[in-house]
Amino acid sequence: MLLTRTEGHARRETRQESRARQASGLAMALGLLAVVCVLSVAIGTRTIPVGTVWDALVHYAGTEDQSIVRELRVPRTLLGILTGVAFALSGAVIQAVTRNPLADTQILGVNAGAALFMVFAVGFLGRTEVGEYVWFGFGGVAVALVLVYLLGSAGRGGATPLRLTLAGVALGAVLDGISAGIRLVKPRAFDYLRFWDAGSIAGRPLDVALTILPFVVAGTVLAVLVARSLNAVSLGDDLARSLGANIMRTRLLALIAVMLLAGAATAAAGPIGFLGLMIPHLVRGFAGHDQRWIFAYTIVCGPILMLLADIVGRVVIRPGELPVGLVTAFVGAPVLIWWIRRAKVNG
Amino acid sequence: MSFHSGRRAIVLRPFVRIPVRPLVVCGLLVLVALATAVLALSTGELTIPPGDVLRALTGDGSGAYRLVVVEWRLPRVLLALLAGAALGLAGAIFQALTRNPLGSPDVIGFNIGAYTGVLLAMITVGAGYYATATGALIGGLATGVVVYALAYRRGVHGFRLIIVGIAISAVLASVNQWLILKAKLQVAVSAAIWDDGTLNGLGWASVTPVAVVLGALVVVLLGLGRRLAVLGMGDEAAAALGVRVERTRLAYLVVGVALTAAVTAAAGPISFVALSAPQLAQRLTRTRGVALAPAAVMGAVLLIVSDWLAQHLFAPTQLPVGIVTVAVGGVYFAWLLVVARQRA
């Protein structure tokens, strides 16, 4: 984001002030995350009092409510936190790298790529452990990202938001069609991946969360490390180069971060869209335009929204549950419409 | 024959010129469609030589062959041809009305809205053809109107239309899933089969309504004559040429929606045929605007070839044809993107 000289001047004067505001906002968001975590453990088909939740965690006595907390709700909440961080942060990183405000792993067809590779792994190679097919998720994300970028930047003028989005939609449709075909040919893959399709964090054992934990942490660390260089990239390639940023290295590291985050999250929870689109837009109001602050806010706010959406999914159709991916789409799509209506589009 | 503005054309009466190239292309496409139809009639678990297929169709031949060809395979083949033609026509109408190659029922969320309508109809009324058709028609139309209205801001920009279409589709996908989870198991299963977009297991009972609707709408289109091309010149030009713009546009819109709904009700959402058929036809015939007849023939070719592939690609597993058209159409969409960019 380019600032005019007066704005830049005004900003320098209030930098101390704005940093304090950013930090206090982040602290508040962390508090909110803690509250949402407690709610996520307590609310569900069977509502459990907070006192029982505390007992289950601190002095476990093996009652039914306590075992629900330990065996179901805590793994689910943990997985919600991890996938919330992963999907939201991967969206923020792609938005920063491509300078495309519409980037999201779902819209760009990246989730579809991960899904196709995993369907292949389950259907043809018989891999059914998350730890095994998560690697195929990484491969699918990388292939889809490269394909979308090549397709979107073909021809003169490079990759505009319009082209990338259209390329992503087309690619997503093709990849989804192929996965649907494989699933019909290989009933085992269909059966195994049925529950995973709409994007859900319900009913996964603690192992799943623990398996993806190292990948999400690695991806997050990598994203935070390149945040500074991404600030330079956001000024445009030429300016970034003159500021001494290594654009190729930054892009490559960012790509690896997205691969780790989106691949792991998709492997564990299925394709969940719109989180990566919404969160960076929502936090920009508090975090400003510094990618480091945007990423920090995204890391905290992603899980908040993911867990809230999951809680909503648990209560709207009791005793059934709506997969969290459907809830995020339902609340995320209006954000997309709002953005496109106020944007000036040409191209 | 005479030469006019550098293009070869047959002049029947003064001012009525039928250009040669579209005519030849249409003829070739019809041949491809018919050849694929004969192939589809003769292949399957029981392979019947093409000669026997033709004999069975004309009424001779053995009883077993007649049963397989006429009763089992012919309805599906006819439905593929009719539905493909209807989708091609609908796509051509939408693209001409929006003056945008991306203006197709798939992009503006018609299919997914039709699914919502079908689900509601199945839950409240039951799963007959006409209940399904009405549900698909109302659901699809309402979705199209909402998407169009949300995308409207001093005119409809193609990009905005697509993005709003994606967003509304995502919302409706959630609604549909919610309805399925709320519905009884039997309703959910029949709705899920419908949503695949398949011609599997459809018999003569499904062919008749589609054929009747398509026939009636083609008559309406013939009655409207060349007004679609005139509308494509822009509102002012069309009005100056004596076309009542708003009324004509509405008439075409209704025809386009009805065509899509008739197909969608019978076979479920079959994506990308309406998007790609008019564009492919336009490229082959090298006409300037979107032409209806070549788009219809192209749609029929696309759908019957896709359906044959869906049946035989992974035999004995039968894919829904919707999956094949998505894969093929998506590749085409990507290609269109690249080509359009290079020219711009």
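Numbers given to residues run from 1 along each chain, matching the order in which its sequence is written. Key to labels: chains lettered from A, ligands numbered from 1, both in the order written. This being a predicted model, a pLDDT of at least 70 is required before a residue's local features are given, and a value of 80 or more before pairs of side-chain atoms are given or counted; all residues contribute to the totals for chains, interfaces and linings.

**Description of the overall build of chain B**
Stage number 1. To qualify as a helix, a DSSP run of H or I must reach at least 4 residues; to qualify as a strand, a run of E must reach at least 2; elements of each kind are numbered from the N terminus. Looking only at helices and strands, chain B features 14 helices and 3 strands.
Stage number 2. Only the C-alpha atoms count toward the radius of gyration. The rule for a globule is 2.2 Å times the residue count to the power 0.38. Taking 2.2 N^0.38 as the reference for a compact globule, 344 residues should give roughly 20 Å; the C-alpha atoms of chain B span a radius of gyration of 21 Å, in line with that estimate.
Stage number 3. A residue is called partly exposed when the number of other C-beta atoms within 10 Å of its own lies between 12 and 20, exposed at 12 or fewer, and buried at 20 or more, with C-beta atoms placed from the backbone. The proportion of buried residues among the 344 residues of chain B is 49%.

**Section: the overall build of chain A**
Stage number 1. What chain A contains, in helices and strands, is 14 helices and 0 strands.
Stage number 2. If you list the helices and strands of chain A from N to C, you get α-α-α-α-α-α-α-α-α-α-α-α-α-α.
Stage number 3. Against the 2.2 N^0.38 benchmark of 20 Å for 347 residues, chain A shows a C-alpha radius of gyration of 21 Å, consistent with a compact globule.
Stage number 4. Each of the three principal axes of chain A carries a C-alpha extent, and together these read 65 × 50 × 35 Å.

**Re the interface of chain B and chain A**
Stage number 1. Note on contacts: residues are paired as contacts if their backbone-placed C-beta atoms lie within 7 Å. Listed as interface residues are 33 residues of chain B and, on the opposing side, 35 residues of chain A.
Stage number 2. Only helix 6 (158–182) and helix 14 (321–343) of chain B provide two or more residues apiece to the side of chain B that touches chain A.
Stage number 3. Throughout this entry, Asp, Glu, Lys and Arg are counted as charged residues, while Ala, Val, Leu, Ile, Met, Phe, Trp, Tyr, Cys and Pro are counted as nonpolar. The remaining residues, Gly among them, count as polar. Residues that form the side of chain B that touches chain A fall into these classes: 23 nonpolar, 6 polar and 4 charged.

**Let's talk about the confidence of the model for chain B**
Residues and elements named next belong to chain B.
Stage number 1. Mean pLDDT for chain B: 80, with 90% of residues reaching 70 or above.
Stage number 2. Known as pLDDT, the predictor's confidence for each residue is given on a scale from 0 to 100. Within chain B, strand 1 (residues 2–4) has the poorest average pLDDT of any element, 42, and helix 13 (residues 292–312) the best, 90.
Stage number 3. Here residues 1–6 scores under 50 on pLDDT; set against residues more than four positions off or in separate chains, the count is 5 contacts.
Stage number 4. Here the predicted complex scores 0.78 on pTM and 0.73 on ipTM.

**Things to note about the packing of helix 4 (residues 110–124) of chain B against helix 5 (residues 129–151) of chain B**
Residue and element names in this part refer to chain B.
Stage number 1. Their axes nearest at 6 Å, the elements helix 4 and helix 5 cross at an angle of 135°. It follows from the interaxial angle that helix 4 and helix 5 lie oblique. For the pair helix 4 and helix 5, the crossing hand works out as right-handed. Side by side, helix 4 and helix 5 meet where F110, I112, G113, A114, T116, G117, V118, L120 and A121 of the first sit next to A131, T132, T134, G135, A136, I138, G139, G140, A142, T143 and G144 of the second.
Stage number 2. When grouped by side-chain class, the residues that make up the contact of helix 4 with helix 5 number 10 nonpolar, 10 polar and no charged. Between N-to-C directions, angles span 0 to 180 degrees; the directions come from axes that are lines fitted to C-alpha atoms, helices contributing only their stretch in contact. In these notes the angle categories are as follows: under 35 degrees is roughly parallel, over 145 is roughly antiparallel, 65 to 115 is roughly perpendicular, and the rest is oblique. By definition, turning the near helix anticlockwise from the far helix through less than a right angle yields a left-handed crossing, and turning it clockwise yields a right-handed one.

**Points about unusual backbone geometry**
Residue and element names in this part refer to chain A.
Stage number 1. Even without a glycine there, the phi angle at F274 is positive, about 75°.
Stage number 2. As for its placement among the helices and strands, F274 is situated in the loop between helix 11 (247–269) and helix 12 (275–287).
Stage number 3. By the C-beta count within 10 Å, which is 28 here, F274 ends up buried.

**A short note on the nonpolar core**
Stage number 1. Of all hydrophobic cores here, the largest spans 224 residues; its most connected members are A:V258, A:A264, B:A83, B:A86, B:A262 and B:I304.
Stage number 2. When residues no more than four places from it in sequence are discounted, the contact partners of B:A86 are B:L214, B:L259, B:A262 and B:V263. The nonpolar core is taken to be a set of buried Ala, Val, Leu, Ile, Met, Phe, Trp, Tyr and Cys residues joined by way of C-beta atoms within 7 Å.

**Describing the packing of helix 3 (residues 63–98) of chain B against helix 11 (residues 245–267) of chain B**
All names here are of chain B.
Stage number 1. The geometry of helix 3 relative to helix 11 is characterised by a closest axis approach of 9 Å and an angle of 150° between their N-to-C directions. Taken together, helix 3 and helix 11 sit at an angle that is classed as roughly antiparallel. The two elements helix 3 and helix 11 meet at a crossing, and its hand is left-handed. Together, L79, A83, A86, L87, L89, A90, I93, F94 and L97 of helix 3 and R249, Y252, L253, V255, G256, L259, T260, A262, V263, A266 and A267 of helix 11 make up the contact between the two elements.
Stage number 2. For the contact of helix 3 with helix 11, the class distribution of residues is 17 nonpolar, 2 polar and 1 charged.

**Observations regarding the confidence of the model for chain A**
In regions of low pLDDT, the predicted coordinates are not meant to be interpreted in detail.
Residues and elements named next belong to chain A.
Stage number 1. A residue-level look at chain A finds 90% of positions with pLDDT of 70 or above and a mean pLDDT of 82.
Stage number 2. When pLDDT is averaged over each helix and strand of chain A, the minimum, 49, is found for helix 1 (residues 5–13) and the maximum, 92, for helix 13 (residues 291–315).
Stage number 3. Segment residues 1–8 is flagged for pLDDT under 50; beyond a separation of four residues in sequence, or across chains, it makes 5 contacts in the model.

**Here's the deal with helix 4 of chain B**
Residues and elements named next belong to chain B.
Stage number 1. Expected helix span is taken as 1.5 Å per residue step, with the number of steps being one fewer than the number of residues. With 15 residues, helix 4 should reach 21 Å at 1.5 Å per residue; the first-to-last C-alpha distance of 21 Å fits that figure.
Stage number 2. With 12 of its 15 residues buried, helix 4 lies for the most part within the structure.
Stage number 3. Residues of helix 4 that are buried: F110, N111, I112, G113, A114, Y115, T116, G117, V118, L119, A121 and M122.
Stage number 4. Just past helix 4, the residue G126 takes up positive phi, approximately 135°.

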